[in-house]
Structures are given as C-alpha cells and as structure tokens.
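Examining the three-dimensional arrangement
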Amino acid sequence: MADRTPLIVGNWKMNQDHHQATHLVQKLAWTLKDAKHDFDSVEVAVLPPFTDLRSVQTLVDADKLDIRYGAQDVSAHESGAYTGEISPVMLAKLGVTYVAIGHSERRAYHGEDEAVTNAKIRSAFGQGIVPILCVGEGLDVRKAGNQVEHTLAQVDGALDGLGAEQAAQIVIAYEPVWAIGTGEVATPEDAQEVCGAIRARLAELYGAELADGVRVLYGGSVKSGNVAAIMAQPDVDGALVGGACLDAEEFAKIVRFDSLSA
Ligand SMILES: O=C(CO)COP(=O)(O)O
C-alpha cells in the first residue's frame, strides 16, 4: 500500500473575518507546537473565506508555519466579466495549496453540477492548485441504499477527461450530506464503504498504483471523539472538518488523532 500522508482540513465555511482568521491560525499553530505536532506525519490545512486569505498568507509566511491553506471555491475562468467570482490566478498569487470544489453547500445553493466541478478542477490545476473534490449523497439516496453509485457518478463527472498526472494529485472528500452540520456522523464502516469504492473507481480509471496514492478524506460532523475510529479505516486518509475546526484546541485534537483512542 502506498504511504499516504494523512490530511486534516478545516473548512471554515462563511465564518471568521480577517482579524479573527489571524487569531485562529495563530492559536492553532501554538497549540500544535505545544503538542510537538509532526507536520510531516499529518498534514494540516485550513480553508478560510476569500477575504481572509491575504491575512493568513502573511501570517504563515512571516511565522514560517507548516500549516497549509486554501480556498473554498474557485472560478472556472481565469479572468473577465464574471462579477463576484475569484480567479485561480488570484488564488495562486495568494499562495494557496488547495481549493475545495463541489462542496455540497455549493451544489445545494449554487446549483453546481458535474460540468461545473469538472471545469473548476481544470481551472485549479491550470494554476497549480490542488482540488479537494467534495462528493456525497443526501438522505434520500442513502435511505434507498444508492450512496455508492450516486457518489461514484459525481466522481466520474468531475474527473471526466482528466489526465493521470492530474488525477494522481487530486484529493477527494466523501461528505454525506446528511452528516454535515447535523451531528449525525457516518459510522466508520459507512465512511469506509464509500471511500473504498472511490479508490476502486480511481483504480478502474487510472490503474491501481495511481489510486493507491490518492488521498480520500471523510467529512461530516467529525470531532475529536469520533475521528480516531474513522481514521482507522483503510481507505480513509484524512478528514474535512466543518464546525469543529473553528475551535483551535478541538481542531488540534482532531489533527492529533493518532494520540486519541479509536
Ligand atoms: O461540510 C463539512 C466540511 O466541508 C462538514 O461540516 P461539519 O463538520 O460541520 O459537519
């Protein structure tokens, strides 16, 4: 099995102004430093709102923090008459490593579909930014038992036409919509079922070796109390954390899942 470095990502959603952002990242960095966190063994990233990115970049650069940061969305276009959108070129200038694409809240409130996620993935890669493709089913689909085929259709559509070089770098986050912000966490077995199916689909599309190296995350009500059991699953390589990442100490505990019991 490939050596996949676990990745814990905090999606701040629409929370924290740029002053608060600086404090939150500083506190996270201190807390992890106090705990002697080894950033090579578990990678840490935050996804603040666009308006915070410059402040986060300045702090990370000045203090030489090992924390990575990214954006929550990106335009499919590089520049032009797209009022309100943010170009991948602008994000690259801000030093972002990652961008979330197709989060369920973008799908629900902005009608993003597979054509859009596919275009945004290409847009991010075009500027050297790593997409974190978010996929996952709603409650109706889960109740009907169709979570695997639903999620794989989202993966297929998003990756359509993407070459192996890019597919090898992508991060995919399985986030069942019914588990987001609800306190309703998928069981570790639920997470493994779909994360394993995603890896198997990558193997079909790009070969087993490539699939073995891609990081597949779980997201949906991840907390320090449930992260260790989820991370113990063979095809779960990290977590995409919403609510719990706004508390630096709680997020640091999640990052340090290795020290918690499953
Ligand atoms: O949507 C999520 C992360 O992208 C998950 O949010 P919660 O952790 O608040 O359920």
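Rules and cut-offs
- Residues numbered from 1 in each chain as written.
- Predicted model: local features only at pLDDT ≥ 70, side-chain atom pairs only at ≥ 80, totals over all residues.
- Helix = DSSP H or I, 4+ residues; strand = E, 2+ residues; numbered from the N terminus.
- Rg over C-alpha atoms; globule rule 2.2 N^0.38 Å.
- Buried ≥ 20, exposed ≤ 12 C-beta atoms within 10 Å, placed from the backbone.
- Contact = placed C-beta atoms within 7 Å.
- UniProt positions renumbered as here; feature names shortened; annotations may be inferred.
- pLDDT = per-residue confidence, 0-100.
- Axes fitted to C-alpha atoms, helices over the stretch in contact; angles between N-to-C directions.
- Parallel < 35°, antiparallel > 145°, perpendicular 65-115°, else oblique.
- Left-handed = near helix turned anticlockwise from the far one by under 90°.

1. Some points on the overall build of the chain
Helix and strand counts for the chain stand at 12 helices and eight strands. Against the globule reference of 18 Å for 262 residues, the chain gives a C-alpha radius of gyration of 17 Å, in line with a compact fold. Across its three principal directions, the C-alpha atoms of the chain cover 50 × 45 × 35 Å. The buried share among the 262 residues of the chain stands at 44%. Within the chain, contacts between residues at least 6 apart in sequence are counted, and of these 72% link residues at least 24 apart.

2. Focus: the UniProt feature "binding site: substrate" (unreviewed entry) in the chain
With numbering aligned to this structure, UniProt lists the feature "binding site: substrate" (unreviewed entry) at Asn11, Trp12, Lys13, Gly181, Ser221, Gly242 and Gly243. Spanning 233 residues, the annotated positions come together in the fold, the maximum distance between their C-alpha atoms being 13.7 Å. Examined against the element boundaries, Lys13 turns out to sit in the loop between strand 1 (7–11) and helix 1 (18–34). Tracing the backbone through its elements, the reader meets Gly181 in the loop between strand 6 (171–174) and helix 9 (188–206).

3. Observations concerning the environment of Glu249
Secondary-structure assignment places Glu249 in helix 12 (residues 248–255). By the C-beta count within 10 Å, which is 12 here, Glu249 ends up exposed. The spatial distance from the C-alpha of Glu249 to the C-alpha of Leu202 is 35 Å, given a sequence separation of 47 residues.

4. A short note on the confidence of the model for the chain
The predicted model of the chain averages 97 in pLDDT, with 100% of residues at 70 or higher. This prediction of the complex comes with two scores: 0.97 for pTM and 0.99 for ipTM.

5. Notes on the packing of helix 1 against helix 12
Two packed helices can be described by the angle between their axes and the distance between those axes. The N-to-C vectors of helix 1 and helix 12 enclose an angle of 45°; their axes lie 9 Å apart at closest approach. Between helix 1 and helix 12, the interaxial angle falls into the category oblique. For the pair helix 1 and helix 12, the sense of crossing is right-handed. Here Leu24, Lys27, Leu28, Thr31 and Leu32 of helix 1 come into contact with helix 12, specifically with Ala248, Glu249, Phe251, Ala252 and Val255.

6. Description of the UniProt feature "active site" (unreviewed entry) in the chain
The UniProt entry lists His103 and Glu175 under the feature "active site" (unreviewed entry), expressed in the numbering used here. These annotated residues cover 73 residues of sequence, and their C-alpha atoms lie no more than 8.4 Å from one another, placing them together at a single site. Here His103 shows up in the loop between strand 4 (98–101) and helix 4 (104–110). Residues contacting His103, with those up to four places away along its chain left out, are Gln72 and Cys134. Tracing the chain through its elements places Glu175 in the loop between strand 6 and helix 9. The exposure class of Glu175 is buried, given the 30 C-beta atoms found within 10 Å. If we ignore the near neighbours within four places in the chain, the residues touching Glu175 are Ser104, Cys134, Gly136, Ile180, Gly219, Gly220 and Leu240.

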